[in-house]
Amino acid sequence: MGFGNVGREVIKQAREMGAGIRFVGALSSKGGVIVKESVDEKELIKIAEAGQKLEKHGSFTKGLNLSELVEATNPDIAFVAIPPSYVSGNPNRAMYNELADLGVSVVMADKTALALDFWGTLEAFNRRGLRLGYRATVAAGVPVTDVAWALRWRGVEGFEAVLNATTNYIISLIAAGMTYEEAVKRAIDEGYAEPDPTVDTHGWDPAAKAAIVASILEGRSVSIGDVVREPLGEGVSELVRVAKKEGAVLRYVAVYTRGGEVRVKPLPLPRHGPLAGVSGTYNAVVFRLEGEEVTVSGPAGPAWRTARVMIGDALDIAGGSE
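These lines cover the structure that appears in this document, whether it is placed above or below. From a predicted model like this one, the values you see are computed outputs, not experimental measurements.

**Observations concerning helix 2 (residues 38–49)**
So, point 1. With twelve residues, helix 2 should reach 16 Å at 1.5 Å per residue; the first-to-last C-alpha distance of 17 Å fits that figure.
So, point 2. Buried within helix 2 are the following residues: D40, E41, L44, I45, I47 and A48.
So, point 3. Contacts from the buried residues of helix 2 go to helix 1 (5–17), strand 1 (25–28) and strand 2 (31–34).
So, point 4. Where helix 2 ends, the next residue or the one after it, G51, has phi of about 70°, a positive value.

**Quick look at the pairing of strand 10 (residues 261–270)**
So, point 1. Bridge analysis of strand 8 (residues 228–229) against strand 10 gives two bridges, and the strand direction is parallel. Counterpart to R229 in the pairing with strand 10 is V264.
So, point 2. Relative to strand 10, strand 9 (residues 248–257) is paired through ten bridges, and the arrangement is antiparallel. Across the sheet, R251 pairs through a bridge with L267, a residue of strand 10.

**Digging into the sheet that holds strand 7 (residues 158–162)**
So, point 1. Read from one edge of the open sheet, six strands run 8-10-9-7-11-12, paired in mixed fashion. Two strands lie at the open edges of the sheet, namely strand 8 and strand 12 (292–299), each paired on one side alone.
So, point 2. Pairing of strand 7 with strand 11 (residues 282–289), which is carried by five bridges, proceeds in the antiparallel orientation. In the sheet register, V162 faces strand 11, and the bridge partner there is A284.

**Quick look at the packing of helix 5 (residues 112–126) against helix 10 (residues 204–218)**
So, point 1. The geometry of helix 5 relative to helix 10 is characterised by a closest axis approach of 8 Å and an angle of 15° between their N-to-C directions. Relative to helix 10, helix 5 is oriented roughly parallel. Crossing angle aside, the handedness with which helix 5 passes helix 10 is right-handed. Of the residues in helix 10, those touching helix 5 at L114, A115, F118 and W119 are A208, A211, I212, S215 and I216.
So, point 2. By residue class, the composition of the contact of helix 5 with helix 10 is eight nonpolar, one polar and no charged.

**Thoughts on the pairing of strand 1**
So, point 1. With four bridges connecting them, strand 1 and strand 2 associate as antiparallel partners. The partner of A26 across the bridge, within strand 2, is V33.
So, point 2. What sits between strand 1 and strand 2 in their antiparallel hairpin is a turn of two residues.

**With respect to the environment of K53**
So, point 1. Among the secondary structure elements, K53 is positioned in the loop between helix 2 and strand 3 (60–62).
So, point 2. A C-alpha to C-alpha distance of 40 Å links K53 and F159, two positions 106 residues apart in sequence.
So, point 3. Beyond its immediate chain neighbours, meaning those up to four positions away, K53 contacts F3 and I47.

**A short note on the sheet that holds strand 1**
So, point 1. If you walk across this open sheet you meet the three strands as 1-2-3, and the pairing is antiparallel. Where the open sheet ends on each side, the last strands, each with one partner, are strand 1 and strand 3. Strand-to-strand twist across the sheet, computed as the mean angle between neighbouring axes with direction ignored, equals 20°.

**Quick word on helix 12 (residues 303–319)**
One full turn of an α-helix is made of 3.6 residues, so residues set three or four places apart face in the same direction.
So, point 1. Here helix 12 is 17 residues long and its end C-alpha atoms lie 24 Å apart, about the 24 Å a rise of 1.5 Å per residue gives.
So, point 2. Residues of helix 12 that are buried: T306, A307, V309, M310, I311, D313, A314 and I317.

**As for the packing of helix 1 against helix 2**
So, point 1. One can describe the packing of helix 1 onto helix 2 by two numbers: an axis separation of 9 Å at closest approach and a directional angle of 110°. Judged on the interaxial angle alone, helix 2 and helix 1 are roughly perpendicular. The crossing of helix 1 and helix 2 is left-handed. Of the residues in helix 2, those in contact with R8, I11, K12 and R15 of helix 1 are L44, I45, I47, A48 and E49.
So, point 2. Residues belonging to the contact of helix 1 with helix 2 are distributed by class as follows: five nonpolar, no polar and four charged.

**Quick look at the packing of aromatic side chains**
So, point 1. Considering all chains together, one arrives at eight aromatic pairs under this definition.
So, point 2. Ring geometry for Y86 and W204: centres 6.2 Å apart, planes at 10°, overall stacked. Of this pair, Y86 sits in the loop between strand 4 (77–80) and helix 4 (92–101) while W204 sits in helix 10; the two residues are 118 residues apart in sequence, bridging distant segments of the chain.
So, point 3. Three or more aromatic residues joined by ring pairs make a cluster, and in this case those are F118, W119, Y134 and W149.
So, point 4. Cation over ring: R229 sits above W204, and NZ or CZ is 3.6 Å from the ring centre.

How each quantity is defined
- Residues numbered from 1 in each chain as written.
- Predicted model: local features only at pLDDT ≥ 70, side-chain atom pairs only at ≥ 80, totals over all residues.
- Heavy atoms only, no water.
- Helix = DSSP H or I, 4+ residues; strand = E, 2+ residues; numbered from the N terminus.
- Expected span 1.5 Å × (residues − 1).
- Buried < 20%, exposed > 50% of the residue type's maximum accessible area, 1.4 Å probe, protein only.
- Contact = heavy atoms within 4.5 Å.
- Pairing = 2+ DSSP bridges.
- Axes fitted to C-alpha atoms, helices over the stretch in contact; angles between N-to-C directions.
- Parallel < 35°, antiparallel > 145°, perpendicular 65-115°, else oblique.
- Left-handed = near helix turned anticlockwise from the far one by under 90°.
- Nonpolar A, V, L, I, M, F, W, Y, C, P; charged D, E, K, R; others polar.
- Phe/Tyr/Trp six-rings, centres within 6.5 Å; stacked < 30°, edge-to-face > 60°.
- Lys NZ or Arg CZ within 6 Å of the ring centre and 35° of its normal.

Everything listed here is a matter of coordinates, which is why it stays silent on function.
See below:
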């Protein structure tokens, strides 16, 4: 579900990994494909590898909806890689509820439902005996959610995290001499940001990721709506200059404090600290507990890596792994 960069990569990477996954259908915003014969699946793989839209498939049906696709294909797992909808939550949340009602386990890259109600979303699948794979929702290639689960009973006091590659890139361009507007335009032109970059520059993306991790640690849902977001803007150029003058590095940081308080804000960091060196598609989280720090960092993207994480979740579900 969703046939953009990540959706196409799920199909490509499953083949490259020899994952043994058979794709029985695909859905985009305009319609879908029901795979009836092996030739249909081969064509689906072909257009995914060519980076084409789903409408190019010979069996594409305009207006095909989710329930029709599920009824026709009876899938075990749905891979979901669609744009987020953090304000209203829909149509994303309604779609997950429908999949749960239809008896389909889900592997997601979309953060919407978990960022709004983590535990409620898990329960909607668990009570039906279904599974939800969501490692790709936070830092994708870095096992942040796994580490959060491992630490949740050990009294984590808080964390600081750099979780958004787009703002990393924009800040690096400003540090190199560009204005904020020039840096944002460059990020859009080079594909680091969407034409509307506010999901990144207004903190929605890192706030969603931080809300998911905070929910795991808290044992209750921490909603993205409760996260205080300080957007990047023209003023960030001055913040970069001041940080540089003081021997620090500016990063767009998600800060969580025990009790559920989460903020996303530009923050000067010590130049040699664990978050200061995070750049490009790398993400990092520093968990504070037991008077020490536990740091997890690594490459989060690009799309092919996100797809591989999703495939790993699917194989865990298929194999019965907890």
